[in-house]
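Descriptive structure summary
The lines below spell out each chain.
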Amino acid sequence: MTPAPSRPDDELREECPGDRTRRGFLRDGTAGLTLLTLLAQGGLFGEAARAAAAAAAGDPRASDPLAPRPQHFPAKAKHCIFLFMFGGPSQMDLFDPKPELNQRDGQTADIEVRRHDVHPAVLLGSQRSFKQYGQTGGWCSDAFPKLSAHMDKLAVIKSLYTDSFAHGSAVLQMNSGQALQGHPAMGSWLTYALGTENRDLPGFVVMHDQRGGPISGPTNWSSGYMPAAYQGTLLRSTGQPLLYLSPDAAAGGRGGMSRAMQLDQIETLNRLNAEHLAARAGDSELSARMASYDLAYRMQESAPEALDIEKESEETRRGYGLYEPKGSHSLSIGPAPFGRQCLIARRLVERGVRFVQIYNGGGHQQQTWDAHQGVEENLSIHCPETDQPIAMLLADLERTGLLEETLVIWGGEFGRQPVSQEAVAGQDKNSGGRDHNPKGFTMWMAGAGIKPGSVGETDELGSEAVVERHHIRDLHATVLQLMGLDTHKLTYRYGGLERKLTGVIEPEIIKGVLA
Amino acid sequence: MNTRVIAVLGLALGACVWIAAPMACGPAADSPAAEAPAPDSQATQTPGDAPQASGDAFFAERVLPILSQRCFKCHGPAAAKVKGGLRMSGRQALLAGGDSGPAIVPGDADASLLIRAVRYTDEELQMPPKEQRLPAAEVGVLERWVTVGAPWPATAPAGAAKPAAPVAGTVAAAVPTADAAGAPGGLGTAAATPVADEPGGAAVPPADGDLGTHPTHDDLQFFEQEVRPILADNCFECHGPTLAKVKGGLRMTGRAAFLQGGDGGPALVPGSLKSSRMLRAVRYSDAELRMPPKHRLTEAQVKSLERWVAIGAPWPDEAGAPGAPAAPTGADSGVRRDIDLDAGRTWWSFQPVVRPTPPAVAGAATPIDAFILARLQGEGLQAAPLADRRTLARRAYFDLLGLPPTLEELQAFEHDEQPDAWERLVDGLLARPEYGERWGRHWLDLVRYAQTSGYERDEEKPLAWRYRDWVIDAFNADMPYDRFILEQLAGDELPDASPGSAIATGFYRLGVWDSEPDDDALADYDELDDTLRTISEGFMGLTVGCCRCHDHKFDPLPQEDYYSLLAFLRNVQPYSPPKYALDSPTLTPLDLDWRKATAWERGRRDSIAALGREESRLRELGRQRALQKELANRPQLAAAQALPPEQRTPDQQRSLASLLEHKWTEGEIVGALEIEDARRLGKVMLDQEVVADSYPGDLDWALTVRELGGGPLPTRLLVRGKPSTPAQEVPLRFPRVLFPSDEAALVTDVTRPPGASSSGRRLALARWIASPSHPLTARVLVNRVWQHHFGRGLVATPNDFGHNGEAPSDPQLLDWLADEFVQDGWSIKRLQKLVMMSDAYRRSSVAGDEAAVAKDPANALLWRQNRRRLEAEPLRDSVLAVAGRLDPTRGGPSFYPDLEREVLAGLSRPGEGWGPAHADQEDRRSIYAYVKRNLTDPLAEAFDRPNPSLPIAVRPVTTVPSQALVLLNSGFMARGARSFAARVAAEAGDDPTARVRRAFALALDRSPTADEERIALDYLQRATADFAPVAPVLTFEARLPERADLYYLAKLAGEDVLAGPREGWLYLKGRWGDQYNNTLAPDPLEGPAALWTQAVFQDGELTARLRLRGGSHFGSVLLRAQPQKEALTGLEVRLDADPPRLRLVEHDGQSAKVVAEAEAAVGDGAWHELTITARGPAVSVTLDGGGAPVLVAPQAAVTQAGRIGLATWGEGLELARLVVRSGADETVLEAPAQRPQDRALEALALLVLNLNEFVYVD
């Protein structure tokens, strides 16, 4: 038997104080990886028994929910990285220049600032300066000096709209397609549809901002009415990457339990389980559970390995901004944390992780892109934190060839208003904040299967989408399309209905971004 | 981030301070404020705005009916003569008021005469007069209306042609148009309204009289030149007057057609720029209503249409003549007309239950077996043998109690030779209190039980746990299921209502609730929808929710039937933030008598008053200090003040007088106070607001349903489910397909329960659902019981008995059980006993029969029992039971499971809404754990406990590696394994064989086989060898994320912040600051610390062997330390990870400063030896025994004796050994040694708790 490449036995021998020459259950060739492989092929105890157990559990994926599954049709994108700018970035200060807004700066206009609440407010021009870049001539403001060099990689959608003026429901909707709580996240849908290629890592990974999670917290990566196996797994970019990963940290807080010792524990466990199984032959759930311990063991190695950015070159690390200082603003954390997460995201998709979501902005208000209290101040916090890391992520994905099979999405839960939230005419513009705006906002995609350029327009003030308007469900349908999935076929039965990520209203794929 | 307005206003006062002095809101331990939703400063930035808390629907459906029924008789807009000079023709009229002044002050209910009048608190002013006092709920509606700014839309959504409420015809007809059109001969103020309702709109004065119906020549010319071309070019393609079929039911034939409108209601309201649907559509301001759909009109075109509406929408020729032809409504409304109800009535689950006769089968032990064996024989299958007694007992214990039998219990059963041993076992288990805790949990899944609201703020729903206890008690008392339904749906309306049945109506309050909905009217319907789905799926297995927007796609349920069913719930008050008040929509005092209520009210006022006095005192203090400060800055003035008054010059007198009269601003007052006092001021201000809503007093409150009072609101079909597009009113009617005819489904005899403020409709609904003749109720319930005894229901989709659900695997058996259940008085316990007495239940789960496996691999015919994995709760509870630490305390408020900081960190305010884990609560059964929607226990989540946002009938069973990790490496399991091992050691002694046998006996109720024993013994031996060289270490690690919610933090003790050994250690929380948005971060230099209480140290030498874990920020040794509140005085030698260095920090109790530092490679996760020499002020530190000191501080400030301690933040610090030499004394601190065989036993104990046999029930 060939030892598994992912398990360096020699290292184990070194770190284990005890006798490491004994042959373990998992390593003696009768089970372990072999068991897993057989299971994945449905072969160990026969297809019939396996099907029976799965059917008994009510879902065909029940006994192996994360097994890789084919796309509905061939498509390039195998992975997705969603850079979630939580709080709602300001479109007219970043990608959607509005000369008329600047001209009318200080004048009043009637704007719907909350649902059905239209009232006159003071227009707030952008203080950013815009230029067109590259062959596509994509507009980008000076808030993103580094990202702007990559405009030819981006398909910018300027005409999105969503349903809610409030963060709570809007973030849920961006993540799950529904403004109501309780529905599976997009990452859950993708792992439900496609499984995960690398069983040693979770299929749907979430990294949040060190300043805090997004509002509503873990609900945003919940699998809703789907099994918990599809929910997002929080990954920390320093220390222990996954909860309960280390046997040592958890051993009653006393240390001393090495991985080798845990392996012995698992092997012994499964020897006893094998005795139990012998009297219950044919129960593939029991054997699947045995295999899950093997997976857990391997995860203990592969997860920290994925996080080990010391393996990257100095140049790469520098490129992601890991050595950049924090900004001067007290709420700023500098590009290093987000850069580290972007680099880890690249390493994760490289290792087959299906969906990685990174939040920039966590907590509230200026800790996020929620620029009520001053849009210039807000941009000064969050643009420098993300500009270099995102630019490098795109370059690095391109360098490694991963951009060919990875879809990158950038955006927040909504955009912002063209009017100043509290300023009155003539006041210092630096104090001008922008309120939420779900009626027109910008997101972009890059990577597998997209066509660089821009789609749609907002009105002359950037207030709402008017040309090629696309609801968020269209964005979701487009993501599914790019991932080789048909939104009509990707369903999950709940509450008497075949549920879809895009909901009951027929979505329209955003054709303009497809290559 | 605005919050629902009610909450904002409630906290506005406190929130002002928030802005004035960000530091003025300190932790509020043990006070109601600690539970209060945090004021969001966003919400306060525009305090003067009239908030849009409620849409037009609120006014039309709740407020207007009250006004029209109660007030219009004397103050009606159309009354010939009004009393007191007040004509209620609109908002302006109320603002202008009558003889006594303005009737309302928008936003301030207390200051509004109208509210004071209806409250009947003022003897001089009581309306309606002559004791026709409004019910409290109606007063509440008016208060809410005024509080949100008293919006008075120009028309109710149903439109002029369809009065919103069934009020007297003359009045109703006059009202909707009164404000818009200017009441005929009405008030000047009202006449200004039409254009005033939307600033920035076309400033065109309204025409006189009946707006628009007598257009002038100019008006008509305007129409022909500007408006008609726009309509023709842009609208007639779909809404043309001559089309055969128009879209949305709107045919633009003339003014009347616009007034009547289409499916969405009236297309325009003459004069109202705000309420005219057409204008909303062309403005493109509403994402769901945009016309023309493919292009947008120019701004000029929109302005023309606005002007046209503003002048009354004149249209030549027919000029709005009544009776003008209009398109039929509903023609295109999306209601499918092809549902054949008669055909639908033939569906199996809609047929009455007819008791089948069990087939005659030889060897059938019970009627259940007769049905099953008959089918097995028909298929030529052999049933599996009965399981052995051990298997049976474990199955029964887990099924009924969710706990394993103790070895003694098991043995008693195994040795019970009586023929009725099994029956007595089942009876005994059904009678145990743990039974309700097990079966109550199944019910809680169905009603999506949780204790918070979800969404952004995830506020607590106080007292939700009482509902949980009611469910447990109901199961334990074997409350008949029909009664169980009645109490939950209408416990307040029952003739024999009781405190218990009131608690049961907490059912209505369990769902998610968005405190900041995008659209209030939609949110109210979402809430009703959520409740209706839960009722229809939970009690009836009917997916009625599918026809909220359109006819059901699979079942014979027209959309109208959805709204007819909704009409039974229509009067339920929407959930609102909890408020302890006698008229609260959500909380009710259970034991109310008026004496108590009066005392309660007094207590509440006293509490507020006491806080008010404290506020005054602090303000006065602030003023005095501000004055002193000012004097200190102006010495001449201070000198003048020191003089006797008569010696002051006039200038001095003037200056002093002006200073004394100075109105200090909020900022000056707060700024002058000491920080603690400033915090306290913020808190008492906030608390006054909070106490007003959250003073429970000694009344016994419960979370309950409340109705709006008044006549039941009309219920309309909403086109595409949108409140903005109401269509025809629907009758009060049950789903027609469940009745022989449409007429039979009508409900006409609903009566208001005597003395109740509710409509009686919910009781009518409940009685129908709970009636023996209901075709679904009993079938659905017996299926659920079957599901939990066999792992799968006879109908595999327990919440869907419709066309899209699974067909019953044995319809005869299902019906027999349903009939038996009803005949036997709806007793769930007797039903369960019936099931458990069958052979079918008692069969082995081993799939040993190859022929059967081949023919029926999924065991659909039940030739064997199903093996089932334990759900999250019984799994956790079993670990506690086997470990010997299960705490049987039942009921009451929930406990908070101990969550890792990684889990807390997922929240935007980590820890918000969570409480500290108390060691004496942690071992209670899982059903008593707090259920927070946005934060779940990883163990429960990993083992498929459903997300509590939606009803879940079948929990998925998944197998993923995260389950293995949680069962191997979580703190909960480490504790469990440790206790389990200790128990084994105590009972079995030192002999490894005895230990293995005991561990198996306790966890699995059996002895190990010879093979198992050998495997386990070998393991113990290896593990003992592995642990032998492991030196014990003390570990310390942070338990909180980088930031934490300040209220959460206020509830924690030092050991909740830093984890480490408990005995002999004192923990300090450290200082927390850097407040942003209700979160705090630990001060990087004065974070939490642990002090060893066993030694005092002044001068001498300390040697510590320690290491920083990867991801740790720092680790420190403290000396000469003494606690100062949460911080300390003393010296700290700190190992920093990034950048790696060694630092000496001095603490003086207020602050800390670095006095020496040096680069040193200490952040590498390796072990280091630190030697600290301290003699008086001279301190030096050497690292890893190497020569010269790395740090030298000749002048340390702290020289007196104190404790030795440790500090760390992040992933943590491990300490192997600490030696203290002081003169000739040597004290050693090290982790208590543990014998390697005992640690090996712990590892084995953990392993046993991970066995498939432990996790699965045969």
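From a predicted model like this one, the values you see are computed outputs, not experimental measurements. (Residues numbered from 1 in each chain as written. Chains lettered and ligands numbered in written order. Predicted model: local features only at pLDDT ≥ 70, side-chain atom pairs only at ≥ 80, totals over all residues. Heavy atoms only, no water.)

Broken down by element type, chain B carries 48 helices and 24 strands. Across the 1258 residues that make up chain B, the buried fraction comes to 61%. The contacts of chain B with a sequence gap of at least 6 include a subset with a gap of at least 24, amounting to 69%. Surface accessibility of chain B: about 47100 Å² in total, with carbon and sulfur atoms responsible for 53%. (Helix = DSSP H or I, 4+ residues; strand = E, 2+ residues; numbered from the N terminus. Buried < 20%, exposed > 50% of the residue type's maximum accessible area, 1.4 Å probe, protein only. Contact = heavy atoms within 4.5 Å. Areas by Shrake-Rupley, 256 points an atom, 1.4 Å probe, with all protein chains shown as cover.)

A word on the interface of chain A and chain B. With 124 residues of chain A at the interface, the matching set in chain B holds 118 residues. Summing both partners gives a buried area of about 10100 Å² for chain A against chain B, and 53% of it is carried by carbon and sulfur. Linking chain A with chain B are 10 salt bridges. Among the ionic pairs, B:R867 bridges to A:D283, the shortest N-O distance being 2.6 Å. The tally of links from chain A across to chain B stands at 38 residue pairs in polar contact (both at pLDDT 80 or more). Per-element tally for the side of chain A that touches chain B: the top contributor is helix α8 (residues 259-278) of chain A, with 12 residues. (Buried area = accessible area lost by both parts, 1.4 Å probe. Salt bridge = Lys/Arg side-chain N within 4 Å of Asp/Glu carboxyl O. Polar contact = N/O pair within 3.5 Å; in protein donor to acceptor, adjacent residues only side chain to side chain.)

All names here are of chain A. Of the pairings in the sheet, the one linking strand β2 (residues 108-114) to strand β3 (residues 117-122) comprises six bridges and is antiparallel in character. What sits directly across from E112, in β3, is V118. What sits between β2 and β3 in their antiparallel hairpin is a turn of two residues, with H116 showing a positive phi close to 65°. (Pairing = 2+ DSSP bridges.)

This next bit is on the environment of B:P888. Here B:P888 shows up in the loop between α38 (872-882) and α39 (901-904). A C-alpha to C-alpha distance of 31 Å links B:P888 and B:P1232, two positions 344 residues apart in sequence.

Before going further, it helps to examine the sheet that holds strand β12 (residues 1089-1097) of chain B. Residues and elements named next belong to chain B. Taken in spatial order, the seven strands line up as β9-β12-β21-β14-β15-β16-β17 in an open sheet, and their pairing is antiparallel. With one partner strand each, in any of the chains shown, β9 (1065-1068) and β17 (1152-1159) form the two edges of the open sheet. Between one strand and the next, the sheet's axes are offset by a mean angle of 20°, whatever the strand orientation. Summarising the sheet, strand β14 (residues 1112-1124) and strand β21 (residues 1202-1210) pair through seven bridges and their orientation is antiparallel. Opposite S1112, over in β21, you have G1210 as the bridge partner. (Axes fitted to C-alpha atoms, helices over the stretch in contact; angles between N-to-C directions.)

With that out of the way, let us pick up helix α43 (residues 992-1004) of chain B. All names here are of chain B. With 13 residues, α43 ought to run about 18 Å at 1.5 Å a step, and its terminal C-alpha atoms sit 18 Å apart, in line with that. Taken as a whole, α43 has its buried residues at R995, V996, A999, F1000, A1001, L1002, A1003 and L1004. One or two residues past the end of α43 sits D1005, with phi positive at roughly 60°. (Expected span 1.5 Å × (residues − 1).)

Residues and elements named next belong to chain B. Burial analysis of strand β6 (residues 1034-1038) places four of its five residues in the buried class, which makes it a mostly covered element. In the sheet, β6 pairs with strand β22 (residues 1213-1222) via three bridges, with the strands oriented antiparallel. Note on β22: the bridge partner recorded for L1034 is L1215. Strand direction decides the pairing type here: β6 and strand β8 (residues 1058-1059), joined by two bridges, are antiparallel. Considered in β8, the bridge of A1038 is made with L1058.

Of note, B:A343 is situated in helix α15 (residues 341-344). In this structure, the C-alpha to C-alpha distance between B:A343 and B:P556, residues 213 residues apart in sequence, is 8.4 Å.

In this section: the packing of aromatic side chains. Scanning the model with the defined rule gives 52 aromatic pairs over all chains in all. Between B:W470 and B:F484 the ring centres are 5.2 Å apart and the planes differ by 10°, which places this aromatic pair in the stacked class. Here B:W470, found in helix α21 (residues 464-476), pairs with B:F484, found in helix α22 (residues 481-490); they are 14 residues apart in sequence, far enough to count as distant. Ring centres 4.2 Å apart and planes at 15° place the aromatic pair B:W786 and B:F790 in the stacked group. Of the two residues, B:W786 and B:F790 are both situated in helix α33 (residues 777-790); the distance of four residues between them amounts to about one turn of the helix. For the pair formed by B:W786 and B:F790, the shared burial category is buried. It is B:R290 that lies over the ring of A:Y161; its NZ or CZ is 6.0 Å from the centre. Sitting over the ring of B:Y928, B:R924 keeps its end group 4.5 Å from the ring centre. (Phe/Tyr/Trp six-rings, centres within 6.5 Å; stacked < 30°, edge-to-face > 60°. Lys NZ or Arg CZ within 6 Å of the ring centre and 35° of its normal.)

Now for the confidence of the model for chain B. Regions with low pLDDT carry predicted coordinates that are not meant to be interpreted in detail. All names here are of chain B. For chain B, the mean per-residue pLDDT works out to 85, and 88% of the residues sit at or above 70. Under a pLDDT of 50 for its full length, residues 318-337 has, in the predicted model, 35 contacts with residues more than four places off or in other chains. Both scores are available for the predicted complex, with the pTM at 0.79 and the ipTM at 0.87. (pLDDT = per-residue confidence, 0-100.)

On to the nonpolar core. Core analysis: the largest hydrophobic core is formed by 139 residues, its most contacted members being B:W443, B:Y467, B:Y481, B:F539 and B:W786. Looking at this core, the element that brings in the most residues is α21(B), giving eight residues. Among the nonpolar cores identified, the runner-up in size contains 115 residues, and A:M299, A:C342, B:A977 and B:A1023 belong to it. (Core = buried A, V, L, I, M, F, W, Y, C linked by side-chain atoms within 4.5 Å.)

One pass over the full model with this rule turns up 131 salt bridges over all chains. Residue A:R351 pairs with A:E350 through a salt bridge whose shortest N-O separation is 3.2 Å. A:R351 gets classed as partly exposed once you look at its relative accessible area, which sits at 22%. A relative accessible area of 37% means that A:E350 is categorised as partly exposed. For B:E409, the salt bridge is made with B:R432, and the minimal N-O distance between the two is 3.0 Å. Note that B:E409 is positioned in helix α18 (residues 407-414) and B:R432 in the loop between α19 (421-430) and α20 (434-446), a separation of 23 residues in sequence.

Okay, helix α47 (residues 1236-1249) of chain B next. Residues that lie three or four places apart on an α-helix share one face, since the helix turns once every 3.6 residues. Compared with an ideal rise of 1.5 Å per residue, which puts 14 residues at 20 Å, α47(B) spans 20 Å between its outermost C-alpha atoms and is within 8% of the ideal. Burial in α47(B) covers these residues: B:D1238, B:R1239, B:A1240, B:L1241, B:E1242, B:A1243, B:L1244, B:A1245, B:L1246, B:L1247, B:V1248 and B:L1249.

Here we come to the packing of helix α24 (residues 520-540) of chain B against α33(B). All names here are of chain B. As a packed pair, α24 and α33 sit with axes 7 Å apart at the nearest point and diverge in direction by 75°. Taken together, the axes of α24 and α33 are roughly perpendicular relative to one another. Facing α24, whose interface residues are E537, G538, F539 and M540, α33 presents T777, V780 and R784. Partitioning the contact of α24 with α33 into residue classes produces three nonpolar, two polar and two charged. (Parallel < 35°, antiparallel > 145°, perpendicular 65-115°, else oblique. Nonpolar A, V, L, I, M, F, W, Y, C, P; charged D, E, K, R; others polar.)

This next bit is on the sheet that holds strand β11 (residues 1079-1082) of chain B. Residues and elements named next belong to chain B. Reading across the sheet, the three strands line up as β7-β11-β10 and stay open at both edges, with antiparallel pairing between neighbours. The open sheet has two edge strands with one neighbour each: β7 (1044-1045) and β10 (1072-1076). Sheet analysis places β7 next to β11, joined by two bridges and oriented antiparallel. Looking at β11, one finds that D1045 is bridged to T1079.

The next point concerns the packing of α22(B) against α24(B). All names here are of chain B. Running from N to C, α22 and α24 cross one another at 175°; their axes reach a closest spacing of 13 Å. In terms of orientation, α22 lies roughly antiparallel with respect to α24. In this structure, α22 uses Y481, I485, Q488 and L489 to contact α24, whose residues at the interface are I535, G538 and F539.

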